[in-house]
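Letter by letter, the chains look like this.
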Amino acid sequence: SFDSGNPPYLYELEKYARETNVPIVRPQMQSLLKFLLTWGRPMKILEVGTAIGFSALFMSEYGRPDCQITTIENYEKRIPIARENFKRAGKDEQITLLEGDAAEILPTLTEPFDLIFMDIYLNELNGIDIIRKIRQMDSKVMIVFLTTSKEHIFEAAPFHFFDYIIKPFFYNEYNIFVYRNATIG
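Note that the coordinates shown come from a computational prediction; the quantities given were computed from them, not determined experimentally.

*Asks:* Requested: an account of the side chain of E47, with residues and values cited.
*Replies:* With respect to the helices and strands, E47 occurs in strand β1 (residues 44-48). For the buried E47, no salt bridge is present, and the opposite-charge side chain at shortest range is R78, 11 Å distant. A distance of 2.6 Å separates a polar atom in the side chain of E47 from a polar atom in the side chain of T71. In contact with E47, not counting residues within four places along its chain, are S55, A56, M59, T70, T71, I72 and F117.

Set out below in structure tokens:
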């Protein structure tokens, strides 16, 4: 099952995030990520929005043992917390944290990624602008839009996304996603 419990260090980090109001991926998104990591087996992962490092650690736990994760964070107060969490979990060699604005960092990345995970609030750019930059970097990477906005689906279509999921999503929608996409591969 993709819904088995997380290791104790992730449980503790999730508890800390709840207590300090740090946004991290919810259980439904964790299940979706487990599916994507198991199904796609990405070697190189880019995460936009590190926060305290929960998602990067989660992906390192459930992804390939040899996967490399690059994560970008702009909020100065959370960067040292994320770095410490990576070190404490023994994942600081597997996870690279880039400090700064994603809009400025993305165009400088030259390596291809197998999976890009982006579940962040964007101040000045919208998701379409970020996806445009990502497609300039890599025309083949799998993109799953996870958004609260139904209005942009047709604007997003030219970027050949893998799926477009409206938040919040529920377990039955997750099952439909898994079934629909498992039959593709």
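Having seen it, we continue.
*Asks:* So what about the nonpolar core? Which residues, and what values?
*Replies:* With 28 residues, the main nonpolar core has I45, M59, I69 and F86 as its most contacted residues. Only α1 (8-19), α2 (27-40), α3 (54-62), α4 (79-88), β3 (95-99) and β4 (115-118) provide two or more residues apiece to this core. Broken down by element, this core gets its largest block of residues, 6 residues, from α2. Ignoring anything within four residues of it in the chain, the contact list for F86 reads T50, G53, A56, L57, T71, K91, D92, I95 and L97. By size, the runner-up hydrophobic cluster in this structure holds 14 residues, among which are V48, L109, M118 and V141.

*Asks:* Report on the pairing of β3, specifying residues and quantitative values.
*Replies:* Across a regular strand the side chains alternate sides, sitting on one face of the sheet and then on the other. Examined bridge by bridge, strand β2 (residues 68-73) and β3 share 5 bridges and lie parallel to one another. In the strand pairing of β3, T71 is matched with L97. Since β2 and β3 lie parallel, the crossover through α4 that links them has a hand, and here it is right-handed.

Definitions and cut-offs
Residues numbered from 1 in each chain as written. Predicted model: local features only at pLDDT ≥ 70, side-chain atom pairs only at ≥ 80, totals over all residues. Heavy atoms only, no water. Helix = DSSP H or I, 4+ residues; strand = E, 2+ residues; numbered from the N terminus. Buried < 20%, exposed > 50% of the residue type's maximum accessible area, 1.4 Å probe, protein only. Lys, Arg positive; Asp, Glu negative; His and termini not counted. Salt bridge = Lys/Arg side-chain N within 4 Å of Asp/Glu carboxyl O. Polar contact = N/O pair within 3.5 Å; in protein donor to acceptor, adjacent residues only side chain to side chain. Contact = heavy atoms within 4.5 Å. Core = buried A, V, L, I, M, F, W, Y, C linked by side-chain atoms within 4.5 Å. Pairing = 2+ DSSP bridges. Right-handed = clockwise from strand over helix to strand, strands pointing away.

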